[in-house]
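# Remarks on the overall topology
If you want the building blocks of each chain, they are given just below.
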6 protein chains.
Amino acid sequence: FSGISTFAHLEYHKCLTTPSELYDIAIIGAPFDTAVSYRPGARFGPRAIRAASARQTSFRGYNPRANINPYADWAKILDCGDIPVVPVDNGAALKQMTAAFAELGARTPVSPLLSKPKLITLGGDHSLSLPALRAVRDLYGPVRVLHFDAHLDTWHPAKYPSYWSSEQSRFTHGSMFWLAGEEGLLSNASSAPNVHAGLRTRLSGTEDWDDDDAQNWVRISADDMDDVGTKGIVEQIMGALGTEDPVYLSVDIDVLDPAFAPGTGTPEPGGWTTRELIRVLRGVEGLNVVGADVVEVAPAYQGVGEETALAAAQVVFELLSSMVK
Amino acid sequence: FSGISTFAHLEYHKCLTTPSELYDIAIIGAPFDTAVSYRPGARFGPRAIRAASARQTSFRGYNPRANINPYADWAKILDCGDIPVVPVDNGAALKQMTAAFAELGARTPVSPLLSKPKLITLGGDHSLSLPALRAVRDLYGPVRVLHFDAHLDTWHPAKYPSYWSSEQSRFTHGSMFWLAGEEGLLSNASSAPNVHAGLRTRLSGTEDWDDDDAQNWVRISADDMDDVGTKGIVEQIMGALGTEDPVYLSVDIDVLDPAFAPGTGTPEPGGWTTRELIRVLRGVEGLNVVGADVVEVAPAYQGVGEETALAAAQVVFELLSSMVK
Amino acid sequence: FSGISTFAHLEYHKCLTTPSELYDIAIIGAPFDTAVSYRPGARFGPRAIRAASARQTSFRGYNPRANINPYADWAKILDCGDIPVVPVDNGAALKQMTAAFAELGARTPVSPLLSKPKLITLGGDHSLSLPALRAVRDLYGPVRVLHFDAHLDTWHPAKYPSYWSSEQSRFTHGSMFWLAGEEGLLSNASSAPNVHAGLRTRLSGTEDWDDDDAQNWVRISADDMDDVGTKGIVEQIMGALGTEDPVYLSVDIDVLDPAFAPGTGTPEPGGWTTRELIRVLRGVEGLNVVGADVVEVAPAYQGVGEETALAAAQVVFELLSSMVK
Amino acid sequence: FSGISTFAHLEYHKCLTTPSELYDIAIIGAPFDTAVSYRPGARFGPRAIRAASARQTSFRGYNPRANINPYADWAKILDCGDIPVVPVDNGAALKQMTAAFAELGARTPVSPLLSKPKLITLGGDHSLSLPALRAVRDLYGPVRVLHFDAHLDTWHPAKYPSYWSSEQSRFTHGSMFWLAGEEGLLSNASSAPNVHAGLRTRLSGTEDWDDDDAQNWVRISADDMDDVGTKGIVEQIMGALGTEDPVYLSVDIDVLDPAFAPGTGTPEPGGWTTRELIRVLRGVEGLNVVGADVVEVAPAYQGVGEETALAAAQVVFELLSSMVK
Amino acid sequence: FSGISTFAHLEYHKCLTTPSELYDIAIIGAPFDTAVSYRPGARFGPRAIRAASARQTSFRGYNPRANINPYADWAKILDCGDIPVVPVDNGAALKQMTAAFAELGARTPVSPLLSKPKLITLGGDHSLSLPALRAVRDLYGPVRVLHFDAHLDTWHPAKYPSYWSSEQSRFTHGSMFWLAGEEGLLSNASSAPNVHAGLRTRLSGTEDWDDDDAQNWVRISADDMDDVGTKGIVEQIMGALGTEDPVYLSVDIDVLDPAFAPGTGTPEPGGWTTRELIRVLRGVEGLNVVGADVVEVAPAYQGVGEETALAAAQVVFELLSSMVK
Amino acid sequence: FSGISTFAHLEYHKCLTTPSELYDIAIIGAPFDTAVSYRPGARFGPRAIRAASARQTSFRGYNPRANINPYADWAKILDCGDIPVVPVDNGAALKQMTAAFAELGARTPVSPLLSKPKLITLGGDHSLSLPALRAVRDLYGPVRVLHFDAHLDTWHPAKYPSYWSSEQSRFTHGSMFWLAGEEGLLSNASSAPNVHAGLRTRLSGTEDWDDDDAQNWVRISADDMDDVGTKGIVEQIMGALGTEDPVYLSVDIDVLDPAFAPGTGTPEPGGWTTRELIRVLRGVEGLNVVGADVVEVAPAYQGVGEETALAAAQVVFELLSSMVK
Ligand SMILES: [Mn+2]
Ligand SMILES: [Mn+2]
Ligand SMILES: [Mn+2]
Ligand SMILES: [Mn+2]
Ligand SMILES: [Mn+2]
Ligand SMILES: [Mn+2]
Ligand SMILES: [Mn+2]
Ligand SMILES: [Mn+2]
Ligand SMILES: [Mn+2]
Ligand SMILES: [Mn+2]
Ligand SMILES: [Mn+2]
Ligand SMILES: [Mn+2]
């Protein structure tokens, strides 16, 4: 509870405006939430996740599951603060985020083990994955995506109500993976699919699956957990993504059940437990993750006990453990 | 978040006072909560469940688990508003609810697929199942009941503290199934039992089971889930109830663990997860459900994230999916 | 707690899509909140205010302060539901709101006492006053505004951070009165000023007052209440606005202290009490109010006791009492 | 925070079932809330007020406003626990409360300074004033009532919706003073009126005042505070009630504004502050108070900071100070 | 909801200051929380657990899982209230708790079935296990410990930040089992280990395990539940502890996931469900439990639905069931 | 909502460990709360106040009441982060805070307008005023104190319960001004008194006033506000303290009523409104304030709308405005 609230008490620099500031892994906030369809509030997600990470420190940061202390190993990890993003014009915001991710991703890493630094973005709503993927594509070409979410987020903009018909309305937290596919940011070889995991929401109809198939996604539903367990889920993911191709890993906190993560914008009953999600994340540590985000934490809707932000901070810790390992 | 708050944005009519209003399935609120033994507040349950259903719509209402969009199929589904019920005289309230269910249940359905319309009641406390069953019995004769609950709700009125000795005190949210049995509303052939599922509360003693046995109930405990899983639970239920006999399906939200449904009057630690309950509900879709309720949502006790009402709205969605399928 | 949640149990019609639906006073929701600078969430304001109005009814609707029951007098008052408004494109949303207010304001009233119906809008963020004023100007010409708020809301768009530089970023909940002034919607004769009341926020500097002066506003600060009391405030307002000119009355709920209205986006400590605000509203009942709004209720931030929405519903009740009187 | 939760750490006895237990002043809980018209939950009021009194102790119990430590003076004050009251049959509950108050009020006091002990009841909803007044009348004859409330609570049962027409529905938290008047429990000489203070709710119409006048009440509205201040209110009360006649003092916590007491069933914006109420209570310490209650604390609706129950516990402390002085 | 709030409505006596008061099992609160490293507040744990136990009563206290009503069997169970403990000097507080446990544990039991009474302590923070174990050791010699927790709590004081270097700082809720080991309170034969269950927190490094090994602990992680289920966990515990040796059973409520127990000081995502914990507790009922505690309930961080305290009260009920059986 | 959470987005430096870092005014957190007698949690006060200051910025920081923008004037203001303070040994913590304040207060200011820098401490509990005053005395000699609080905080340690008898127990949030007086940190000339304002709590008896008188305090009660208004309070304070002598200004947030500041440890009903407090603070801007603190913000007890921390952040803003003016 002591000290300025950075992620895990990491050193803080305004990396965006300090080009000389280098790192291997940067934690970066994207306090943007005006591309949502229901409850806003994820603009306070970065603040909440940082606050909930306060018990993570380098001197007691050993992860028994991963057998590593990510804060005390080879990687220089910084908290780079937040991307300035205008809350009243999504078109402008998208440009701001695109520029920021490009700037931060292109910097030279500190360690010779990496060719490019890795960014973990704290959302903000899920739409930020589009500008984040633009930066990743610039560095690696089209990538594979591992997407934990109750929702597809590959909705064709035409699936929204008719009064959402403006050009700017195409960019939302439900369509950004569809847009990413259209922009060529994602792998589109059927032998190299992307993966959704934790799905359970209502759809427009099976035509949503057609759109999703057309963009080369494999779908793992929340209920699959009951049938194959965390091990089965891990096998499906690793089988689809392998250990070589660069992967962008995106965690929408609503993949968790509302009991575990009520502090989110579009909660869907029937999700995974935090223990299940962590187990899956540890199971896929062999992936070649080149960037990641944890999104849709809307703290106004969490309990006073901060259960949602705590879960998100734990996800970040597990991602860091895997990246450093 | 837009528009007057009806269930799933369904069309709203004051059906009770508009005899010409017809439907196949009616959602009806029973804002009654003065038959409870502990925390009151379920009178605000219908309002809360409607609010939590706001992300359910006909244009994105396809249920992947059931392979159907219940809002865009053969059935005309209306939100019929709430039954007027006096909150200060349970005897009078019971008469009001009895009359209302009789009126609404006897109407002619719109679709030729049905001989009688089906009602899904949003509670309100669990005692409303008694007047609802009276209406069902009038239409179908004695029915079978599938009852999800932490509690038996077949308590003999004599099991209450001695100062609950008045005639009116016999009608409570813990005794209404016993009363229903006494009134002959339930099947009483031992070959045609009723089913409790999710039980885990404290009892007066094994004599509670004697009373329950005498009224022809099969008991599935919450802990059975650990041993047989959702599939085993489904098999037990289907084995007991079959696919022919008319079934009244009653979901006390306290069947869920307090982590998933803290917004209820008599929470019992150690319950099912929402994912387990949904899986069971989907598994029993072959039942001949002729009426249903979702009760005991007391929103003052839920979190700001509305997890309890969201779970209840999801239960209604699954019930609708099964009814329409 | 019973019945579908319309404002004060008023009759509900989708007036926008039912041109034949007539009224003297329409309650209309504008669930729009993406023009805010800090906490979003006011899109749930209309729902919250309607819920908090549940104890207002026509059969016990007599207002002792005003000596009238506004729900049982000459005026036909309807709840017209919500304006459909896209949450991800403020430019499109502004067009949608502009069209809706124009449509609703131009209808023929039921009573011969009125030449035009009156609209009371439930916000939503404060930016909705711009499209509402456009409709009012079309009917009455430039009007006078009585504006209760902790904030000026006449900020020149250039006063925002530099990264808010897009065209669309000019339209916010802090600039809409400045825009209204620029569009000629407000009176600009110095003998016919507009009035702010309850001001107390930080400024860019005294140049904010210059901009405000240029648009012909009188400023009453929150602290003035200590010095002149509610009577003094009333005198200042009536002295400035008179009883003849058409007035648009806009209540930003953050005029109240955060103890009375924590459920808002940009709370400012040191505000008025609800009793003071009500007293002032009753004191200015002689104004010729032709339209009104109650905005910035963000219920995620209120307590479980709903104090903020209750205050807002009371404000609407007082406005209705004055309009009907 | 230490020790079993009795009021102000007072000694606890089950007085009702221990006739030998004597006291000068008894604190007694009446956990009854099924006579309410809107939010239930006041059954948890006694528990909440006791918890909020935890910082009151005899060793630091000196009241500087009253110049006395009521816990360390002549009076033996006990916490007598709660009256057992059935929550599902208001007719039976009324009998139970009537018997309990009669039993407790008729006991011999410990101190020779008193001829009868005094009871302070923690509600529970306001309807408990009827059985409490029955006991008081038995001891003193018809008494005067000083009633702090946003509401009249002298509503004629016929003023309720038509579906509240049963005999039992006549007894509610809005009609109990009317019933008390009808039963002859209150003074009915126009020279010896009863007093309402803090009124501000909506009415059926001016006929509510006629009923109220007929039962000999003086009405002080919440807004009168602005005009005459606490001193003026005190003068009006003392002028009406004097210092001789036995007075029953009843504090409905909703006399406070929802900012100060959101944890109540029928909150009304625009009420008094706690400081104003305390000042008035101290100002009327010259009254001959023979019994009192503090009612309508519904803790599910208060904040986590317990502001409502704290205010109620403070009211009890001030009442005790006056009684002992 | 009725009556003074003792655990399960048990009879209350101030046992500490009433040496003549005898019992078989005593429930005792230790409202101490100043040995915590993060969120304080567990001083209100005893009050919260008692409140949440209000639906437990002797007349409906039959535990179907255990086939016994612990409140209506051979054992005399009392609520002995709270230990007075100074909140501003941990050294003094440790002495106070040590003296209290010694006094209460040494009393003669009522039933001939016991040679010593058993204490179940309601925390308070986990550090209370040290004074509790001192008392147990005095009666039984070094004992075995079964410890449910997300955390090891055997941290060597030197593992804390350097500014925690004072002598008094050695006693914390993370070091008390290490201190207990150093004091010789625990079994230290490798054939007679102690057991941690539910572990999942971050560590200083593997050297924490070395310290833990040196004090003879077996470690069961939270994730082991996925692999071996509740039956496997039970087997591991029973295999390690047997049915003969006296066991002290300590339940840190943070062994549960934050969804089930957000109301705690150092929550760790990824924990057990309440159903899993209860199942394990029932499975180990064959242990020879001579004392127990339920700690780290910090109610300010739980939801309004009290889920955390409900879980804790249920744990106490299961422990009582096992002790009485 | 954007950026790392420092107070008002001020530049952040770890001043304590960076002796070269200079400033005119430093904001410093003291996350210490183990000297409290009731609800702990103020260790999270600094974090909460910083979060609630997020809408304060230099580019819109003009204070209309003071006619100055404190963030854009002559003074260099830094956020110096938090003092490391051990939470489990108050003796050690007192030494740590004493050393930290001495170090920070003795640094050379940046502006020639000051001879010493000024510290504004964010608490933490009120006991931190003792170490803060030690540092002030070292620089200025004994000072005058202006103390806003519901409580005296000059309690003689002997006034605590007998089990608080240890040496370390003398240092609490209720005794630290008594200790400061004993240590000679405060002015003790009767012509140069210290001032309490806002008092309203219960006492041990009038002997508390004797102790207070002996240490040269003037007492202004909360109720005095009703009689003399903010102007009268200001006159009393200025009359007692003058404009020359160095003054330490200490604001215990519980001076506000629980409606305005429920997020505190020992709330007392009947306090001032935030508007009143701000008005008084502005009125005393002529004092020669050399140091200040804002204490006892315990955010776990505030509402989700953060009203308490917002009030505290506003107090800091007003203090900064006066210091810079
Ligand atoms: Mn999602
Ligand atoms: Mn998503
Ligand atoms: Mn139940
Ligand atoms: Mn039930
Ligand atoms: Mn505003
Ligand atoms: Mn505004
Ligand atoms: Mn009332
Ligand atoms: Mn009342
Ligand atoms: Mn732990
Ligand atoms: Mn522990
Ligand atoms: Mn204080
Ligand atoms: Mn203080």
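Given the structure is predicted, the values throughout are model-derived calculations rather than measurements. (Residues numbered from 1 in each chain as written. Chains lettered and ligands numbered in written order. Predicted model: local features only at pLDDT ≥ 70, side-chain atom pairs only at ≥ 80, totals over all residues. Heavy atoms only, no water.)

## With respect to unusual backbone geometry
Here is the rule: Helix numbering and strand numbering both begin at the N terminus, where a helix is a DSSP run of H or I of at least 4 residues and a strand a DSSP run of E of at least 2.
Residue G124 of chain B follows G123 of chain B across a cis peptide bond; omega there is 5°. With respect to the helices, strands and loops of the structure, G124 of chain B is situated in the loop between β3 (118–123) and α3 (129–140). One non-glycine residue with positive phi stands out, namely N216 of chain F, at about 75°. When you line up the elements, N216 of chain F lands in the loop between α5 (206–214) and β6 (217–221).

## A closer look at the pattern of salt bridges
Put simply, the rule is: When a carboxyl oxygen of Asp or Glu lies within 4 Å of a side-chain nitrogen of Lys or Arg, that pair is called a salt bridge. For every residue, the accessible area obtained with a 1.4 Å probe (protein chains only) is divided by the maximum for its type, and the residue is called buried under 20%, exposed over 50%, and partly exposed between those limits.
By the definition in use, this model includes 144 salt bridges over all chains. Here R137 of chain A ties to D138 of chain A by a salt bridge, and the two come within 3.3 Å at their closest N and O atoms. Between D245 of chain C and R144 of chain C there is a salt bridge, with its nearest N and O atoms 2.7 Å apart. In this pair, D245 of chain C is assigned in the loop between α6 (224–241) and β7 (246–252) and R144 of chain C in strand β4 (residues 144–148), connecting sequence segments 101 residues apart. Among the residues examined, R144 of chain C registers a relative accessible area of 4% and is labelled buried.

## Things to note about helix α7 (residues 274–283) of chain E
Most of α7 of chain E is tucked away: eight of the 10 residues are buried. Listing the buried residues of α7 of chain E in full gives T274, R275, E276, L277, I278, V280, L281 and R282 of chain E.

## A look at the interface of chain E and chain A
One widely used convention gives an interface's size as the accessible area the parts lose upon coming together. Using the following cut-off: Whether two residues are in contact is decided by their heavy atoms: any pair within 4.5 Å suffices. When two components associate, each loses some accessible surface as probed by a 1.4 Å sphere; the sum of these losses over both components is called the buried area.
Contacts between chain E and chain A engage 38 residues on the former and 27 residues on the latter. With both chains or domains summed, chain E and chain A bury close to 2,800 Å², and 52% of this area falls on carbon and sulfur atoms. Together, Y38, R202 and P269 of chain E form the three largest contributors to the area buried by chain E at its contact with chain A, with a combined 28%. Between the two partners, chain E and chain A, sit eight salt bridges. The partner of R275 of chain A in a salt bridge is E276 of chain E, with the nearest N and O atoms 2.8 Å apart.

## Regarding the pairing of strand β3 (residues 118–123) of chain F
Residues and elements named next belong to chain F. Which entries qualify depends on this criterion: Two strands qualify as a pair provided DSSP detects at least 2 bridges between them.
Along β3, six of the six residues are buried, which leaves the element largely enclosed by surrounding structure. Where burial is concerned, the two faces of β3 agree: the one with K118, I120 and L122 and the one with L119, T121 and G123 are both buried. The pairing of β3 with strand β8 (residues 288–295) spans four bridges and is parallel. Bridge pairing in β8 links I120 to A292.

## Examining the relation of the copies chain D and chain B
Between the two chain copies there is a screw-like relation: a rotation about an axis and a shift along it. Going by this rule: The copies are overlaid by a least-squares fit using only the C-alpha atoms of residues whose pLDDT is at least 70 in both copies.
When chain D is fitted onto chain B, the two copies agree to an RMSD of 0.0 Å after a turn of 180° and an axial shift of 0.0 Å. Taken together, these values place the two copies in the relation of a two-fold axis. A symmetric contact is evident, with 100% of the interface residues of chain D recurring at the interface of chain B.

## Observations concerning the coordination of the manganese ion (ligand 9)
Residue and element names in this part refer to chain E. Using the following cut-off: Counted as coordinating are nitrogen, oxygen and sulfur atoms within 2.8 Å of the metal, or 3.2 Å for Na, K and Ca, while water is not included, which may make sites look incomplete.
The protein atoms that coordinate the manganese ion (ligand 9) are D149 (OD), H151 (ND1), D252 (OD), D254 (OD) and D254 (OD), at distances of 2.0 to 2.5 Å. In primary sequence terms, the donor set of the manganese ion (ligand 9) follows D-x1-H-x100-D-x1-D. Between the manganese ion (ligand 9) and the manganese ion (ligand 10) the interatomic distance amounts to 3.2 Å, and D149 serves as a bridging ligand to the pair. Given the relative accessible area of 2%, D252 is considered buried. Taking the relative accessible area as the measure of exposure, D254 reaches 1% and is therefore buried.

## Digging into the sheet that holds β4 of chain C
All names here are of chain C. Operational definition: Axes here refer to lines fitted to C-alpha atoms; in helices the fit is confined to the stretch in contact. Angles between the N-to-C directions go from 0 to 180 degrees.
The strand order across the open sheet built from eight strands is β2-β1-β3-β8-β7-β4-β5-β6, with neighbouring strands paired in parallel fashion. Each edge of the sheet is formed by a strand with only one pairing partner; in this case those strands are β2 (77–82) and β6 (217–221). Here the average twist between neighbouring strands, direction ignored, is 15°. Relative to β6, strand β5 (residues 194–199) runs parallel, the two sharing five bridges. Across the sheet, the residue bridging to A197 is I220, located in β6.

## Structural notes on the relation of the copies chain E and chain A
Mapping chain E onto chain A is achieved by rotating through 120° and translating by 0.0 Å along the same axis, at an RMSD of 0.0 Å. In symmetry terms, the pair is related by a three-fold rotation axis. Relative to the rotation axis, the C-alpha of A259 of chain E is the closest in chain E, positioned 3.2 Å from it. Interface overlap between copies: only 5% of the residues of chain E at the interface are likewise at the interface in chain A, consistent with a contact formed by different surfaces.

## Regarding the interface of chain D and chain B
This is how the line gets drawn: Polar contact criterion, stated in full: a pair of N or O atoms within 3.5 Å, where within protein one must be able to donate a hydrogen and the other to accept it, and residues adjacent in sequence count only if both atoms are side-chain atoms. Ten residue types, Ala, Val, Leu, Ile, Met, Phe, Trp, Tyr, Cys and Pro, are classed as nonpolar, four, Asp, Glu, Lys and Arg, as charged, and the remainder, Gly among them, as polar.
Of the residues lining the interface, 29 residues belong to chain D; the matching set on chain B comes to 29 residues. At the surface where chain D touches chain B, the tally comes to zero salt bridges. Counting the contacts that link chain D with chain B gives 12 residue pairs in polar contact (both at pLDDT 80 or more). With three residues, the top contributor of residues to the side of chain D that touches chain B is helix α2 (residues 90–105) of chain D. Partitioning the side of chain D that touches chain B into residue classes produces 15 nonpolar, nine polar and five charged.

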